[in-house]
Amino acid sequence: LMLRWPRRYVGWLALAAASVGLVGALNAMDLDPWQRLEPTGARGFAREARMLVDSARRERTIAQSRAAVRRTLAIDPAVIDAVGADPVHVAPHETSAVWAYGLNWHPVPQFQSFSTWTGGLDRLNADRMGSSDGPPVILRESTARLDRHNPLFESPRENVALICDYRQTRLVGRWEVLRRTANRCGPERRLSSVRVRGTDPITIPAGRADEMVLARIRWSPGIAWRLQSLIVRPPAMPEIGLPQGPSRQTYRIPRALLGGPLVLRVPADVVLPHRLRQLADLETMRLVHMLSLIHISEPTRRTPISYAVFCLK
């Protein structure tokens, strides 16, 4: 950047801007202070050079790496057979399965749901799933929560589209195959609304036996949260506590996704892996607003929540 402009002061300004960008990028990464990049040394360089010129060594290494990934993912052959050669999207994030098993990858635009931090990205995925250009098959892994996220709150509109437009055809272990079918969700119906204070327990209303219950939360952060966010990245995300989930801890959710629609209840006849089923039949929840490393309730502020239902055919 300094060499780009002949005027020295412009080059220094460019260097300063690049330095600010680097500091911001490092601030956004959760690196331990004692971590550092280790050089590979001469042996590492020689090994990489041999790999570059020796095709047999290269192919052998690729085959060994592919086998190692398959052992880690442990996808049953019956699941891979159920996917076949059809275009497939891998959810929620383990796209290495495409390379390891030679799948025909047809992802949605934001192909790792934990990276969906805005409503716009969520709508983009949901629209793609509901369109004729969307993936006809989805290979989904039911995993432990990543970065303390609830799988059903990541990409909430995308999750609704998964339930409405896809049905499970094969489940072995933690891996399942979903195939697109006719949309089985009827028109949305308003159920109720409530305003909650602080971290008070919230009773989730129940729809009928054939209805999926959704929530939209309108949280307005306090002045301390806003001021701290002007200086550094948002100090912490809001959290939702689900006492009846597989973990009694709270789940982080980006502020932009609180408007949901968040899936809280799913009819019993909708087939889900056990881990997701535990998160899809909730009776209570609570909201936690975080600042820095301290959980702070805001008893003087009331957060509106509206509930709606989709009737599933």
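Please refer to the structure placed before this passage.
Note that this is a predicted model, so its numbers are computed, not measured.

**Student:** Mind showing me how you'd approach the pairing of strand E2 (residues 137-141) here?
**Tutor:** Along any regular strand the residues' side chains alternate between the sheet's two faces. Most of E2 sits inside the fold, with 5 of its 5 residues counted as buried. Burial of the side chains of E2 extends over both faces: Val-137, Leu-139 and Glu-141 are buried on one face and Ile-138 and Arg-140 on the other. Bridge count for strand E1 (residues 88-91) against E2 is 4 bridges, and the pairing is parallel. When the bridges of E2 are listed, Val-90 appears paired with Leu-139. Examined bridge by bridge, E2 and strand E4 (residues 175-180) share 5 bridges and lie antiparallel to one another. Looking at the pairing, Glu-141 lines up with Trp-175 of E4.

**Student:** Explain unusual backbone geometry here, please?
**Tutor:** Outside of glycine, negative phi angles account for most residues, and trans bonds account for most peptide bonds. With omega at -5°, the peptide bond leading from Ala-91 into Pro-92 counts as cis. Among the structural elements, Pro-92 can be located in the loop between E1 and helix H5 (96-101). For the bond running from Gly-260 to Pro-261, omega is 10°, close enough to zero to count as cis. Note on placement: Pro-261 falls in the loop between strand E9 (250-252) and strand E10 (262-265). At Ala-74, a residue that is not glycine, the phi angle is positive and equals roughly 55°. For Ala-74, the location among the structural elements is in the loop between helix H3 (55-73) and helix H4 (77-83). Residue Ala-74 is classed as partly exposed on the basis of its relative accessible area of 49%. Residue Ser-155 is not a glycine yet carries a positive backbone phi of 50°. Tracing the sequence through the fold places Ser-155 in the loop between E2 and helix H7 (156-165). You can call Ser-155 buried: its relative accessible area is 0%.

How each quantity is defined
- Residues numbered from 1 in each chain as written.
- Predicted model: local features only at pLDDT ≥ 70, side-chain atom pairs only at ≥ 80, totals over all residues.
- Heavy atoms only, no water.
- Buried < 20%, exposed > 50% of the residue type's maximum accessible area, 1.4 Å probe, protein only.
- Helix = DSSP H or I, 4+ residues; strand = E, 2+ residues; numbered from the N terminus.
- Pairing = 2+ DSSP bridges.

By themselves, these figures tell us nothing about what the structure is for.
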